[in-house]
Amino acid sequence: MKKNIVNLLFAAIILVGSSCQKDAPLENDLTTKSPEENWLGTNLDSKFADSQKEVAAYLFSTNEVLKVVTTPNVKKVHFVLGYDESTITIKMLGTTDKGSELIAINSEILKDASYIQKLDQFKTASFNKNGVKTDLLRAHLYSPQVAYNGINEWHKKLNAAKDLEGVTSYDGKRIQRFIIEVEIINEIVRKGDVANVGLFLGLNDKGKVTTYFMGMDLNNTVKQRFTSKGATVVSEVYDGGRPCPPFGTNDVLINQ
C-alpha cells in the first residue's frame, strides 16, 4: 500500500513538473511592441530625424491598392503610422464607414534624400479643378505648389531636428493615422500607367504633418503630362484627409 502511494506521489510530481515546464515562458519568446505602439512611444530625436530625412515617399503597389478599393464594403482608407529602425512606417487599411478593418497592405519605403529636387516642376505646374468629376474629389485636390511647399517644409524640420514632437501632434496627442474616402484612392490608382500610389509626408497650413497622394510610374517619378503649349501638368495631387487624433474615425471628412 505504501509503495502504491509513493508511486502515485512520484507520478504526480512528474506531471506537475512537466506542466510547469510547458507553461513557463521561453527566454526567446519575448513580447514585442507593434510598430504602431512604437510610434506612440518613441522619442523623435536627431537619430529619428537623420533616418527620416532619407525617406522620399511611401509606395503602395497599384495591384495591391486595387485589392483594397475593390473589397466589398470598403468606404474609407486609413493610413496608419508605425515606427521601425528610427523611421516612420505606414500601412494602408480598407475599412467600413465605422472603421472596421477589412483589408490591410504595407508600403515600400522609397529612400532618396534629394528627391525634393525631382519635384521642381511642381513650382510652375499648371493647376485647375475644371473637369474634376465630383465635389469630393475637388475638395481634396491640391495645388502642386502647395504640396511642394508642404513637403519641403517637412524636410526643413527634419534637417533642423527641432519641434518634431509639435508638428506630429495635436494638443499633445501624436497623430496615429490619416483617413480619406476610398473614392480618392480609387481615382488615383485607375489613371493610366500608374505603378504605385505615392504617399508623401509634408506640413499643412497649420504647420502639422499631413499626407499628399500622387500617382507614380515604374521609375518612381510622379506622373505628369504636357499641354499643347508645352506646359507641365502634374497628375492630380490629393491631400491626406483628416488626422486622427484630433478627429475620430467617424468624423466628417474635411480638408486638412
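Cut-offs and rules
Residues numbered from 1 in each chain as written. Predicted model: local features only at pLDDT ≥ 70, side-chain atom pairs only at ≥ 80, totals over all residues. Heavy atoms only, no water. Buried < 20%, exposed > 50% of the residue type's maximum accessible area, 1.4 Å probe, protein only. Helix = DSSP H or I, 4+ residues; strand = E, 2+ residues; numbered from the N terminus. Pairing = 2+ DSSP bridges. Axes fitted to C-alpha atoms, helices over the stretch in contact; angles between N-to-C directions. Contact = heavy atoms within 4.5 Å. Left-handed = near helix turned anticlockwise from the far one by under 90°. Nonpolar A, V, L, I, M, F, W, Y, C, P; charged D, E, K, R; others polar. Core = buried A, V, L, I, M, F, W, Y, C linked by side-chain atoms within 4.5 Å. Polar contact = N/O pair within 3.5 Å; in protein donor to acceptor, adjacent residues only side chain to side chain. Phe/Tyr/Trp six-rings, centres within 6.5 Å; stacked < 30°, edge-to-face > 60°. Lys NZ or Arg CZ within 6 Å of the ring centre and 35° of its normal. Salt bridge = Lys/Arg side-chain N within 4 Å of Asp/Glu carboxyl O.

(A) Layout of helix H8 (residues 182-189). Extensive coverage of H8 is indicated by the burial of 6 of its 8 residues. For H8, the set of buried residues is Val182, Ile184, Ile185, Glu187, Ile188 and Val189.

(B) Inspection of the sheet that holds strand E15 (residues 242-244) at higher detail. If you trace the 5 strands from one edge of the open sheet to the other, you get E4-E3-E2-E9-E15, paired in antiparallel fashion. Each of the sheet's edge strands pairs with one partner strand only, and the pair in question is strand E4 (101-106) and E15. Strand after strand, the sheet turns through a mean of 30 degrees between neighbouring axes, direction not considered. By the bridge criterion, 9 bridges tie strand E2 (residues 76-84) to strand E3 (residues 87-95) in an arrangement that is antiparallel. Each residue of the ladder has a partner; that of leucine 81, found in E3, is isoleucine 90. Contacts from helix H4 (residues 62-69) reach E3 and E4 within the one sheet, and its direction differs from that of E4 by about 170 degrees. Contacts from H8 reach E2 and strand E9 (177-181) within the one sheet, and its direction differs from that of E9 by about 75 degrees.

(C) The arrangement of the packing of H4 against H8 in detail. H8 packs onto H4 with a crossing angle of 145 degrees between their chain directions and a minimal axis gap of 10 Å. The hand of the H4/H8 crossing is left-handed. Contacts between H4 and H8 involve Thr62, Val65, Leu66 and Val69 from the first element and Val182, Ile185, Asn186 and Val189 from the second. A breakdown of the residues in the contact of H4 with H8 according to their chemical character gives 6 nonpolar, 2 polar and no charged.

(D) Expanded view of the nonpolar core. With 43 residues, the main nonpolar core has Phe60, Val65, Phe79 and Ile90 as its most contacted residues. The biggest single contributor to this core is H8, with 5 residues. Residue contacts for phenylalanine 60: discarding those within four places in its chain leaves Val65, Phe79, Ile90, Lys91, Met92, Ile105, Asn106, Ser107, Ala195, Asn196, Val197 and Leu199. Ranked by size, the runner-up nonpolar core spans 18 residues in total, among them Leu119, Tyr142, Ala147 and Met216.

(E) Expanded view of the environment of arginine 177. Within the element layout of this structure, arginine 177 appears in strand E9. Sequence-wise, arginine 177 and leucine 81 are 96 residues apart; in three dimensions their C-alpha atoms are separated by 5.7 Å. Every residue in contact with arginine 177, bar those within four places of it in the chain, is listed here: His78, Phe79, Val80, Leu93, Arg242, Pro243 and Cys244. At 2.9 Å, the side chain of arginine 177 and the side chain of histidine 78 are in polar contact.

(F) Expanded view of the packing of aromatic side chains. As enumerated under the stated definition, the model contains 5 aromatic pairs in all. When the centroid spacing of 5.9 Å and the interplanar angle of 40 degrees are considered together, the rings of tyrosine 115 and phenylalanine 200 count as tilted. Within this pair, whereas tyrosine 115 is found in the loop between strand E5 (108-111) and helix H5 (135-140), its partner phenylalanine 200 is found in strand E10 (residues 196-203), the two being separated by 85 residues in sequence. Each member of the pair, tyrosine 115 as well as phenylalanine 200, carries the same accessibility label: buried. By the ring-pair criterion, three or more aromatic residues cluster together here, those being Phe60, Phe79 and Phe213. We note arginine 174 situated over the ring of tryptophan 39; from NZ or CZ to the ring centre the distance is 4.9 Å.

(G) Highlighting the pattern of salt bridges. Across all of its chains, the model carries 10 salt bridges by this definition. Taking the shortest distance from any N to any O, the salt bridge between aspartate 120 and lysine 123 comes out at 3.7 Å. Its relative accessible area of 37% is what places aspartate 120 among the partly exposed residues. On the basis of relative accessible area, lysine 123 is assigned to the partly exposed category, the value being 45%. Between aspartate 163 and lysine 157 there is a salt bridge; the shortest N-O distance is 3.6 Å. Assessed through its relative accessible area of 47%, aspartate 163 is described here as partly exposed. Owing to a relative accessible area of 25%, lysine 157 belongs among the partly exposed residues under this scheme.

Don't take any of this as a statement about function, it's just geometry.
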